[in-house]
Amino acid sequence: MKWILLLLWLPTTALAQKKSSLPVAATDSTYGYTALNPLRLKQGDMYKSMALAEVFLHNLRTPDDQQLYFIGRFSIKDPAYTPPAIPLTDRYTGLPISGKLGLLDVYIFRTATNDTLRLFVDVDHKGPKLIPKGLKYVGFE
């Protein structure tokens, strides 16, 4: 009986820890909407960061609870990227050794009222997990 109670209790404690770390709203109105002030969502390597960024963006809603429908994603040059003075590249792949390519991902969404929304995401730099102004985070649906 103790084991059953323990197994039922453990997932709820993990969920409580995750809910306490929900993102907060950004105070800057350009956060996430411009290439100079993108969402900084680095968590681990590039592939893990991209997967977690898509989960984060999937949980965003408009203030009147409209879901954001994904249209597409593409990459642009990061205007804040400064290349190193001596660029070192991997001779087998041609990629920079630092792992930073100087790119931003642009996600395009459509709302139920056919408004288009573009969000800029940087998966190379870590920053506070903030919600762009005018959106809300629902999470754990």
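Right, let's walk through the structure included here. (Residues numbered from 1 in each chain as written. Predicted model: local features only at pLDDT ≥ 70, side-chain atom pairs only at ≥ 80, totals over all residues. Heavy atoms only, no water.)

**Observations concerning the overall build of the protein chain**
For the protein chain, the helix and strand inventory stands at 2 helices and 8 strands. Each helix and strand of the protein chain, placed in order from N terminus to C terminus, yields the pattern α-β-β-α-β-β-β-β-β-β. Among the 141 residues that make up the protein chain, the fraction classed as buried is 30%. Taking the intrachain contacts of the protein chain between residues at least 6 apart in sequence as the baseline, contacts between residues at least 24 apart amount to 71%. When the accessible surface of the protein chain is split by element, carbon and sulfur atoms take 61% of a total near 9,600 Å². (Helix = DSSP H or I, 4+ residues; strand = E, 2+ residues; numbered from the N terminus. Buried < 20%, exposed > 50% of the residue type's maximum accessible area, 1.4 Å probe, protein only. Contact = heavy atoms within 4.5 Å. Areas by Shrake-Rupley, 256 points an atom, 1.4 Å probe, with all protein chains shown as cover.)

**What to know about the pairing of strand β6 (residues 116–122)**
With 5 of its 7 residues buried, β6 lies for the most part within the structure. Of the pairings in the sheet, the one linking strand β2 (residues 39–40) to β6 comprises 2 bridges and is parallel in character. Paired with leucine 39 across the strands is valine 121, a residue of β6. As judged from the 6 bridges shared by strand β5 (residues 103–110) and β6, these two strands associate in the antiparallel manner. Following the sheet pairing, phenylalanine 109 is matched in β6 by leucine 117. Taking the residues between adjacent antiparallel strands as the criterion, β5 and β6 are bridged by 5 residues, where asparagine 114 takes a positive phi near 65 degrees. (Pairing = 2+ DSSP bridges.)

**Brief notes about the pattern of salt bridges**
Close approach of charged atoms allows side chains of opposite charge to pair. For the structure on display, the rule yields 3 salt bridges. Residue lysine 136 is joined to aspartate 65 by a salt bridge in which the shortest nitrogen-to-oxygen separation is 2.5 Å. Pair noted here: lysine 136 is in strand β8 (residues 136–137) and aspartate 65 is in the loop between β3 (60–61) and β4 (69–77), with a separation of 71 residues, a long-range link. A salt bridge links arginine 73 to aspartate 105, with the nearest nitrogen and oxygen atoms 3.4 Å apart. With arginine 73 in strand β4 and aspartate 105 in strand β5, this pair connects stretches of sequence that are 32 residues apart. (Salt bridge = Lys/Arg side-chain N within 4 Å of Asp/Glu carboxyl O.)

**Points about helix α2 (residues 46–58)**
Between the first and last C-alpha of α2 there are 18 Å, a value that for 13 residues agrees with the 18 Å anticipated at 1.5 Å per step. Within α2 the residues assigned to the buried category are Ser49, Met50, Ala53, Phe56 and Leu57. Taken around the axis of α2, the buried residues stretch over an arc of 125 degrees, which confines them to a single face. (Expected span 1.5 Å × (residues − 1). Arc of directions from axis to C-beta.)

**Quick word on the sheet that holds β6**
Taken in spatial order, the 4 strands of this open sheet run β2-β6-β5-β4, and their pairing is mixed. Of all strands in the sheet, those bounded by a partner on one side alone are β2 and β4. Of the strands in this sheet, β2, β4, β5 and β6 touch α2, which is tilted by about 30 degrees from β5. (Axes fitted to C-alpha atoms, helices over the stretch in contact; angles between N-to-C directions.)

**Some remarks on the packing of aromatic side chains**
Counting across every chain of the model gives 4 aromatic pairs. Judged by centre distance (5.3 Å) and plane angle (25 degrees), the rings of phenylalanine 56 and tyrosine 137 are stacked. Within this pair, whereas phenylalanine 56 is found in helix α2, its partner tyrosine 137 is found in strand β8, the two being separated by 81 residues in sequence. On the accessibility criterion, phenylalanine 56 (2% relative accessible area) is buried. When the centroid spacing of 6.4 Å and the interplanar angle of 15 degrees are considered together, the rings of tyrosine 107 and phenylalanine 109 count as stacked. (Phe/Tyr/Trp six-rings, centres within 6.5 Å; stacked < 30°, edge-to-face > 60°.)

The values are spatial; any link to function lies outside them.
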